[in-house]
Amino acid sequence: MADLAVFLDRLTEANAVMNLVGPDSLPDFWNRHAFDSAQLLDLAPEARTWADLGAGAGFPGVVLAILLKGRADAHVWLIDSLQKRCRFLQTVVDELDLPATVVWGRAEEQEIKVDVVTARAVAPLEKLLGYAQPYLKFGAQGLFLKGEKAEAELQEARKVWQVDADLSVSRSDPRGRILTVRTLRRGS
């Protein structure tokens, strides 16, 4: 909890100079951001390695790294294409001594083998699946935090992708959904 509180402090400071999260969402940090991210651990309790695509403000990746801290072989890759967000993430990783590596670059260009690939508020699902494909191809499970339009996004994505996936209701917000992807390949 102490590390999450420090993370909230750093996020609040950084958010004043760069838009990492909507300022109206900071008062609800514990449910909207921390718990929303943490619930993914229950869906993959044996997973030790994670890649957070479009890590941005650190959701879910930094929260996962905080909760995985001290677990043998646990590691989270925080991947983002904007250098200023990567600098913010690196500051948090260093200060909290997290089992995480910040990667400045495009998610789909990385060659990182992980147990789980995740993302939150990165892109519409059709595009997000393209970013996640390299990780899923090497056996990762996908756990993607989506909003209330997740079912429509999944139907649209299935026009381009053959995806073995299901949606579950988020425990942090009944309007939100978690998309679990087991396999993925381009449609014919």
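Residues numbered from 1 in each chain as written. Predicted model: local features only at pLDDT ≥ 70, side-chain atom pairs only at ≥ 80, totals over all residues. Heavy atoms only, no water.

J.: I'd like a rundown of the packing of helix α1 (residues 2-15) against helix α5 (residues 83-96), residues and numbers included.
T.: Remark: α1 packs on α5, axes separated minimally by 11 Å, with the N-to-C direction vectors making an angle of 150 degrees. One element, α1, and the other, α5, form an angle in the roughly antiparallel class. Crossing angle aside, the handedness with which α1 passes α5 is right-handed. Contacts from D3, V6, F7, R10, L11 and A14 in α1 reach F88, V92, E95 and L96 in α5. Across the contact of α1 with α5, the residue classes tally to seven nonpolar, no polar and three charged. (Axes fitted to C-alpha atoms, helices over the stretch in contact; angles between N-to-C directions. Helix = DSSP H or I, 4+ residues; strand = E, 2+ residues; numbered from the N terminus. Parallel < 35°, antiparallel > 145°, perpendicular 65-115°, else oblique. Left-handed = near helix turned anticlockwise from the far one by under 90°. Contact = heavy atoms within 4.5 Å. Nonpolar A, V, L, I, M, F, W, Y, C, P; charged D, E, K, R; others polar.)

J.: So what's going on with the side chain of Q39? Residues and values would help.
T.: With respect to the helices, strands and loops of the structure, Q39 is situated in the loop between α2 (29-38) and α3 (40-43). Given the relative accessible area of 3%, Q39 is considered buried. Among all residues touching Q39, those that are not within four sequence positions of it are L145, S170, R171, S172 and I178. (Buried < 20%, exposed > 50% of the residue type's maximum accessible area, 1.4 Å probe, protein only.)

J.: Tell me what's going on with the pairing of strand β2 (residues 75-80), and back it up with residues and numbers.
T.: Of all six residues making up β2, six are buried, and the element is well covered by its neighbours. Two strands pair when backbone bridges link them, and strand β1 (residues 49-53) and β2 are joined in this way by five bridges, in the parallel orientation. When the bridges of β2 are listed, A51 appears paired with W77. Note that β2 and strand β3 (residues 100-104) share five bridges and pair parallel. Its bridge partner lying in β3, I79 is registered against V103. After leaving β2, the chain enters α5 and then returns to the sheet as β3, a path that is right-handed. (Pairing = 2+ DSSP bridges. Right-handed = clockwise from strand over helix to strand, strands pointing away.)

J.: Tell me about unusual backbone geometry, and please be specific about residues and values.
T.: Going from F59 to P60, the amide bond is cis rather than trans, its omega being 5 degrees. On the secondary structure map, P60 appears in the loop between β1 and α4 (61-68). Look at D73: it is not a glycine, yet its phi comes out positive at around 65 degrees. Secondary-structure assignment places D73 in the loop between α4 and β2. For D97, which is not a glycine, the phi torsion comes out positive at approximately 50 degrees. D97 sits in the exposed class, given a relative accessible area of 60%.

These figures capture arrangement, not role.
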